[in-house]
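# Survey of secondary and tertiary structure
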Amino acid sequence: MAPLEDKLIAALNAEGWNSRSAPVFVQSFEPSSLKEMRSKGLKTRMVQLVDGDDIDLKTGKITYAIPFDRPYDWRKSGDERLFGDMVTPAGLAEIRTYADGIGVWKPYIVPVKGRMGRAGQLVDVNGDGKVDLQDATTKPPTALVAEAHKRGLFVHVFTFRNESGVWLPTTRVIRRLSTCSFFRLGVDGVFSEFPDTAVMARAIYLRECGR
């Protein structure tokens with residue numbers, strides 16, 4: 001049986017879409033898969049996905065735990081680096097040798113952190129009886145978008161959803177997409193399970209910019 005990579009390349013060839021101008025992004029969390037497809041003649045734009053496990057709300061740092069700590073092919077080969085190492089200057093330079101862009105989890109670009117009480121405890125801001133991302137506030141953005149662009153990589157961000165309980169309340173989805181948090185930081189695209197909302201947010205942003 002042919003590997004998945006071979007089947008994908010064959011399917012793209014059959015449709016005449018094996019080119020950089022094709023409306024196709026081939027993406028993977030596994031560097032070895034992207035490198036293999038490139039070596040076998042895949043010409044579409046390729047995206048290295050960058051994940052994380054959770055957020056330490058006390059520090060605002062991304063945490064890493066299996067299976068969201070590193071690519072599986074790194075684990076198999078004994079490579080001890082984490083997904084976070086991919087967004088360092090050295091990591092971005094390495095990605096540029098085999099991919100055209102990165103697809104990263106939102107906190108890599110706009111970090112979040114919980115609110116701390118006077119006693120040093122996390123505060124349940126919305127009063128729902130638990131402390132989670134709904135109680136977090138955004139922090140100053142990182143330089144990742146600029147650093148990636150400097151190395152010729154485009155930047156996509158995942159994942160924007162409408163339902164409450166994920167990242168931030170529903171009523172703030174469009175506002176977060178349309179203000180400086182992401183579009184104004186220069187991201188080149190977003191992942192959304194609700195494309196109509198994402199398109200609406202982009203339209204709002206463009207209108208605000210007079211474009």
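Now for a quick tour of the structure. Every value quoted in this text rests on a predicted model; they were computed, and no experiment measured them. (Residues numbered from 1 in each chain as written. Predicted model: local features only at pLDDT ≥ 70, side-chain atom pairs only at ≥ 80, totals over all residues. Heavy atoms only, no water.)

With that settled, consider empty space enclosed by the protein. As enumerated under the stated definition, the model contains 2 cavities of 30 Å³ or more in all. Roughly 40 Å³ of volume is contained in the second largest cavity. Every residue along the wall of the second largest cavity is listed here: Trp74, Arg81, Met86, Gly91, Glu94, Ile95 and Tyr98. Ranked by residue count, the leading element in the lining of the second largest cavity is helix H4 (residues 89–96), at 3 residues. Residues belonging to the lining of the second largest cavity are distributed by class as follows: 4 nonpolar, 1 polar and 2 charged. (1 Å grid on protein atoms, 1.4 Å probe; cavity = no way out; pocket = protein on both sides within 12 Å on 5 of 7 lines; lining within 4 Å. Points joined across faces, edges and corners; volume = space filled by probe spheres on them. Helix = DSSP H or I, 4+ residues; strand = E, 2+ residues; numbered from the N terminus. Nonpolar A, V, L, I, M, F, W, Y, C, P; charged D, E, K, R; others polar.)

Turning our attention to the side chain of Asp100. Along the chain, the position of Asp100 falls in the loop between H4 and strand E5 (101–105). A distance of 2.7 Å separates a polar atom in the side chain of Asp100 from the backbone nitrogen of Met46. When residues no more than four places from it in sequence are discounted, the contact partners of Asp100 are Arg20, Arg38, Thr44, Arg45, Met46, Gly152, Leu153 and Phe154. (Polar contact = N/O pair within 3.5 Å; in protein donor to acceptor, adjacent residues only side chain to side chain. Contact = heavy atoms within 4.5 Å.)

The next subject is the layout of surface pockets. Considered as a void within the structure, the second largest pocket measures approximately 240 Å³ in volume. Every residue lining the second largest pocket is listed: Phe183, Gly186, Val187, Asp188, Gly189, Val190, Ala198, Val199, Arg202, Tyr205, Leu206 and Arg211. Listed by contribution, the elements that provide at least two residues to the lining of the second largest pocket are strand E9 (189–192) and helix H7 (195–208). With 5 residues, H7 is the single largest residue contributor to the lining of the second largest pocket. Class assignment of the residues belonging to the lining of the second largest pocket gives a composition of 7 nonpolar, 2 polar and 3 charged.

Here Arg161 is to be found in the loop between strand E8 (154–160) and helix H6 (173–178). A relative accessible area of 26% means that Arg161 is categorised as partly exposed. For the pair Arg161 and Phe68, spaced 93 residues apart in sequence, the C-alpha to C-alpha distance is 20 Å. (Buried < 20%, exposed > 50% of the residue type's maximum accessible area, 1.4 Å probe, protein only.)

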